[in-house]
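# Structural characterization, general
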Amino acid sequence: MTAMELNAQIWRDMAEIADSETLMKQLAKYLRKLVAKKEDETLMTKEDK
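Residues numbered from 1 in each chain as written. Predicted model: local features only at pLDDT ≥ 70, side-chain atom pairs only at ≥ 80, totals over all residues. Heavy atoms only, no water.

Next up on the list: the overall build of the chain. Helix and strand content of the chain: 2 helices and 0 strands. The buried share of the chain, reckoned over its 49 residues, is 2%. (Helix = DSSP H or I, 4+ residues; strand = E, 2+ residues; numbered from the N terminus. Buried < 20%, exposed > 50% of the residue type's maximum accessible area, 1.4 Å probe, protein only.)

This is how it looks when you write it as structure tokens:
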């Protein structure tokens, strides 16, 4: 999948859970972890790069 296709899929998936505050909180927490990994490349594995 290209980055644009992945982006579109992520938005479709988020639309499915947008009405659930619990799931959106979980997603936000996970996204913060991903951003932190990106900012600190020492935490990334070979598969993440």
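With that settled, the discussion passes to the layout of surface pockets. In this structure, the largest pocket encloses a volume near 170 Å³. In this structure, the largest pocket is lined by Leu31, Leu34, Val35 and Lys38. Here the lining of the largest pocket is composed, by residue class, of 3 nonpolar, no polar and 1 charged. (1 Å grid on protein atoms, 1.4 Å probe; cavity = no way out; pocket = protein on both sides within 12 Å on 5 of 7 lines; lining within 4 Å. Points joined across faces, edges and corners; volume = space filled by probe spheres on them. Nonpolar A, V, L, I, M, F, W, Y, C, P; charged D, E, K, R; others polar.)

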